[in-house]
Amino acid sequence: MNLCSVLFAAAAALAPLAAQTAATTSPPHILVDTVGPDGWRIRFAPTNLGSLLESEQGRALWQPGTAPVLGWLRQGFGADTDFGPVQDRLLGYGGRIRVGVWLRQDESREPRPFAAAAVFEGDGRTDLGALAADLRQMQSGLDGDWGPQEFAGRSVTMLCHGEDRMTAPIVGEHHLLIVTSTGDDIAAALANATAWVGTCDGKAPAPTTPALRIQVATPELIALMRRAAGDDDEAATLQALGIDGLGPSLFQLSTAGPHVQCELAQAFAEAPRGLFAALFPGTTGVPALQRLLPSAPGSWKVGRFDLLALYDAAVAVAAANGIDEPEMRQDMREQLGVDLRDDLLAHVTDAMLLHGASFEDIDRLERTPWLLAFGLRDHAAFATSLETALAKAKPMLQREATVEHGNAKLWRYGNMFAYDLWLGVGDGLFVVAGGEDGEDRVKALFDAARAPAAAEAPALPPAIADLQRHLPPGLNGAAAGDLDSLAALPADLWWSLLREFVPVPRPQSTADTEQQREALRELLRQHHLDRLRSATGFAERTWRWRLYW
């Protein structure tokens, strides 16, 4: 609800910049393109998420969080200001907002931001002069001294704080502009930002446009990092990983019918190499493994992952760091008893399937069922090599049982973590499973693989068939996530997991009751938000991942 102030604060946060002497004439290295709060409402109100947020139960979830934000804004405008019109203006603004960030090397050779600009375009109804006054009032709490400065014959109100500079909102034709930079660069940054603004028509963007786009000029950022490193060994490692082949990157938030759609896209200057050849194989089509998906509820993924390309990338990185490949392969052959590449990974296709049942027992991992399967070109040759390699894995892995099931062979392995794993090979599959009933689930997968395929196998998993017009080009993977069982987990567990990865302060109380969790699950079900779905595709040297909620 305070999008204007948040974006302005983001631009303001870039103000402490290292002193520079030259100007840029290039487009921003990072571009955030979004709309005002009313633009978000227009786009997402018709979605399932919008209906939840507008429901009585939904308002009870988000209103306590927004009240302090509105209180902070009201306090910033002072007790003498009638905040009602200001709030209506800020929350009713639906124009396009762009925030551009330019980077370059500072004296320490590290790539740093040195200039940023925020553009607020007209929406056809908001008084831009009044909006400029609102933004100027928000700036008043910043440290520093305000005063007029002359640039190219025009006077601009400027905040000066040490070497940092920031303009007050500059009212242009159908837009407002705020620029921040260092003292030496502010004139050039202002001229460059003014040219970057381009022509604004004073109309709100069409409701069909994305609510948010973040574009990153990845090749330019990599070039900056490479120049900063100045290390031939590091450059060789990056090249082996395929970093040099990356093109622009994109994050986008929009809608797909009644669903919120989130997209990540990574372009490539050429066919993906190194690590990216493994992560983003160019194979199109959802693998036929989709017909083997268990009918049990849960979360699943069927798609492409190239283990052979991953091995080749690891070897290339090792070679870039002075490790002799033949010698390394010989060492692995002595340790495994087989050649990892030619005897094992060469028999594995890039088709993979992952299934996890309910996560309600995620705090008891030994009970949480999961299963991972890869397609095989020659399962007999793979099985022979795998048995040889596993025999060398003691005492890390200890075989506890061997079971034959049709033409498939299953092994149960124990390990130092007292967690049993089931491995199976046969019927064109290599399967690894853990958790409850692992043997039964592996056997069921082999039974499904042996069953005759339907005369006309579906091109899409049924779970995503209704999303067909919104799927990425070059579709090669699909997934579904079970939010229902995740919502059943205690909030205290979520905070514990989060703080393992992000050092956020723990709230004074994270306790919730089983009744509250069940109410949340029911709310998600009512608004068809208890499942997440996603799809991946690769086309025109661009990998795309789309998430639908």
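Quick caveat: nothing in here was measured; it's all calculated off a predicted structure.

## Things to note about the overall build of the protein chain
Part 1 of the reasoning: Looking only at helices and strands, one finds 18 helices and 21 strands in the protein chain.
Part 2 of the reasoning: The burial tally for the protein chain puts 46% of its 549 residues in the buried class.
Part 3 of the reasoning: Within the protein chain, counting contacts between residues at least 6 apart in sequence, those at least 24 apart form 67% of the total.

## Details of the packing of aromatic side chains
Part 1 of the reasoning: Considering all chains together, one arrives at nine aromatic pairs under this definition.
Part 2 of the reasoning: Ring centres of phenylalanine 268 and phenylalanine 538 lie 6.2 Å apart, and the angle between their planes is 40°; this geometry places the pair in the tilted category. With phenylalanine 268 in strand β11 (residues 259–268) and phenylalanine 538 in strand β20 (residues 531–539), this residue pair connects regions lying 270 residues apart in the sequence.
Part 3 of the reasoning: Ring centres 6.2 Å apart and planes at 25° place the aromatic pair phenylalanine 276 and phenylalanine 280 in the stacked group.
Part 4 of the reasoning: Overall, phenylalanine 276 belongs to the buried group, its relative accessible area being 12%.
Part 5 of the reasoning: For phenylalanine 280, a relative accessible area of 14% translates into the label buried.

## So, the environment of leucine 131
Part 1 of the reasoning: When you line up the elements, leucine 131 lands in helix α6 (residues 128–139).
Part 2 of the reasoning: Using a relative accessible area of 0% as the deciding quantity, one classes leucine 131 as buried.
Part 3 of the reasoning: When the C-alpha positions of leucine 131 and tyrosine 93 are compared, they lie 8.9 Å apart, and in sequence the two are 38 residues distant.
Part 4 of the reasoning: For leucine 131, the residues in contact, after removing those within four places along its chain, are Arg89, Leu90, Tyr93, Thr126 and Leu176.

## A closer look at the pattern of salt bridges
Part 1 of the reasoning: Under the definition given, this model contains 30 salt bridges.
Part 2 of the reasoning: The shortest N-O distance in the salt bridge between arginine 59 and glutamate 54 comes to 2.7 Å.
Part 3 of the reasoning: When its relative accessible area of 29% is taken as the criterion, arginine 59 is described as partly exposed.
Part 4 of the reasoning: The salt bridge partner of aspartate 185 is arginine 104, with a shortest N-O separation of 2.7 Å. Of this pair, aspartate 185 sits in the loop between β8 (175–182) and α7 (186–197) while arginine 104 is found in strand β2 (residues 96–105), placing the two residues 81 residues apart along the sequence.
Part 5 of the reasoning: What emerges from the salt-bridge pattern is a single network uniting Asp312, Glu325, Arg329, Arg333, Asp339, Arg341 and Asp342.

## Examining the side chain of aspartate 38
Part 1 of the reasoning: For aspartate 38, the location among the structural elements is in helix α2 (residues 37–44).
Part 2 of the reasoning: Discounting residues that sit within four places of it in the chain, aspartate 38 has contacts with Leu91, Gly92, Tyr93, Gly94 and Arg125.

## A look at the nonpolar core
Part 1 of the reasoning: The biggest cluster of nonpolar side chains holds 32 residues, and the ones touching the most others in it are Leu90, Phe120, Leu131, Leu135, Met138, Leu176 and Leu253.
Part 2 of the reasoning: Those elements that place two or more of their residues in this core are α3 (48–54), α5 (83–92), β2, β3 (111–121), α6, β8, β11 and α18 (514–526).
Part 3 of the reasoning: Ranked by the residues each element gives to this core, the list is headed by α6, at five residues.
Part 4 of the reasoning: Listed in part, the 31 residues of the second largest apolar core include Leu292, Leu293, Leu353 and Leu445.

## Some thoughts on unusual backbone geometry
Part 1 of the reasoning: Residue histidine 174 is not a glycine yet carries a positive backbone phi of 70°.
Part 2 of the reasoning: For histidine 174, the position within the fold is in the loop between β7 (170–172) and β8.

## Brief notes about the confidence of the model for the protein chain
If pLDDT is low for a region, its predicted coordinates should not be looked at in detail.
Part 1 of the reasoning: On average, residues of the protein chain carry a pLDDT of 87, and 89% of them reach 70 or more.
Part 2 of the reasoning: For the stretch residues 1–24, pLDDT sits under 50, and the model shows 68 contacts to residues farther than four places along the chain or on other chains.

## Concerning the pairing of strand β16 (residues 408–415)
Part 1 of the reasoning: Of all eight residues making up β16, six are buried, and the element is well covered by its neighbours.
Part 2 of the reasoning: Two strands pair when backbone bridges link them, and strand β15 (residues 397–405) and β16 are joined in this way by eight bridges, in the antiparallel orientation. Looking at β16, one finds that threonine 402 is bridged to tryptophan 411.
Part 3 of the reasoning: What sits between β15 and β16 in their antiparallel hairpin is a turn of two residues, with glycine 406 showing a positive phi close to 65°.
Part 4 of the reasoning: Alignment of β16 against strand β17 (residues 421–426), held across five bridges, turns out to be antiparallel. In the strand pairing of β17, tyrosine 413 is matched with leucine 421.

## Re the environment of proline 458
Part 1 of the reasoning: Note that proline 458 resides in the loop between α15 (438–450) and β19 (475–482).
Part 2 of the reasoning: Residue proline 458 is classed as partly exposed on the basis of its relative accessible area, which comes to 48%.
Part 3 of the reasoning: C-alpha separation for the pair proline 458 and arginine 291, spaced 167 residues apart in sequence, amounts to 8.5 Å.

## Examining the packing of helix α11 (residues 307–320) against helix α12 (residues 325–336)
Part 1 of the reasoning: Contact pair α11 / α12: the axes reach a minimum separation of 10 Å and the direction vectors enclose 125°. The angle between α11 and α12 falls in the class oblique. By crossing handedness, the relation of α11 to α12 is classed as right-handed. Packed against α11, whose contacting residues are Tyr311, Val315 and Ala318, the element α12 presents Glu325, Met328, Arg329 and Met332 at the interface.
Part 2 of the reasoning: A breakdown of the residues in the contact of α11 with α12 according to their chemical character gives five nonpolar, no polar and two charged.

## What about the packing of α5 against α6?
Part 1 of the reasoning: In the contact formed by α5 and α6, the axes pass within 11 Å of each other and the chain directions differ by 105°. Classified by the interaxial angle, the pair formed by α5 and α6 is roughly perpendicular. Residues Val86, Arg89 and Leu90 of α5 form the contact with α6, whose own contacting residues are Ala130, Leu131, Asp134 and Met138.
Part 2 of the reasoning: Looking at the contact of α5 with α6, its residues break down into five nonpolar, no polar and two charged.

## Section: a negative patch on the surface
Part 1 of the reasoning: On the surface, Asp324, Glu327, Asp331 and Glu334 cluster together into a negatively charged patch.
Part 2 of the reasoning: Mapped onto the fold, glutamate 334 is located in helix α12.

## What to know about a nonpolar patch on the surface
Part 1 of the reasoning: On the surface, a nonpolar cluster with roughly 310 Å² of combined accessible area is contributed by Leu498, Phe501 and Val502.
Part 2 of the reasoning: By the element assignment, phenylalanine 501 lies in helix α17 (residues 491–501).
Part 3 of the reasoning: Take phenylalanine 501: its relative accessible area is 73%, and that puts it in the exposed class.

Cut-offs used in this document
Residues numbered from 1 in each chain as written. Predicted model: local features only at pLDDT ≥ 70, side-chain atom pairs only at ≥ 80, totals over all residues. Heavy atoms only, no water. Helix = DSSP H or I, 4+ residues; strand = E, 2+ residues; numbered from the N terminus. Buried < 20%, exposed > 50% of the residue type's maximum accessible area, 1.4 Å probe, protein only. Contact = heavy atoms within 4.5 Å. Phe/Tyr/Trp six-rings, centres within 6.5 Å; stacked < 30°, edge-to-face > 60°. Salt bridge = Lys/Arg side-chain N within 4 Å of Asp/Glu carboxyl O. Core = buried A, V, L, I, M, F, W, Y, C linked by side-chain atoms within 4.5 Å. pLDDT = per-residue confidence, 0-100. Pairing = 2+ DSSP bridges. Axes fitted to C-alpha atoms, helices over the stretch in contact; angles between N-to-C directions. Parallel < 35°, antiparallel > 145°, perpendicular 65-115°, else oblique. Left-handed = near helix turned anticlockwise from the far one by under 90°. Nonpolar A, V, L, I, M, F, W, Y, C, P; charged D, E, K, R; others polar. Patch = residues over 30% accessible without salt bridge, like charges linked within 9 Å, V, L, I, M, F, W, Y side chains within 5 Å. Areas by Shrake-Rupley, 256 points an atom, 1.4 Å probe, with all protein chains shown as cover. Lys, Arg positive; Asp, Glu negative; His and termini not counted. Charge placed at Lys NZ, Arg CZ, Asp CG, Glu CD.

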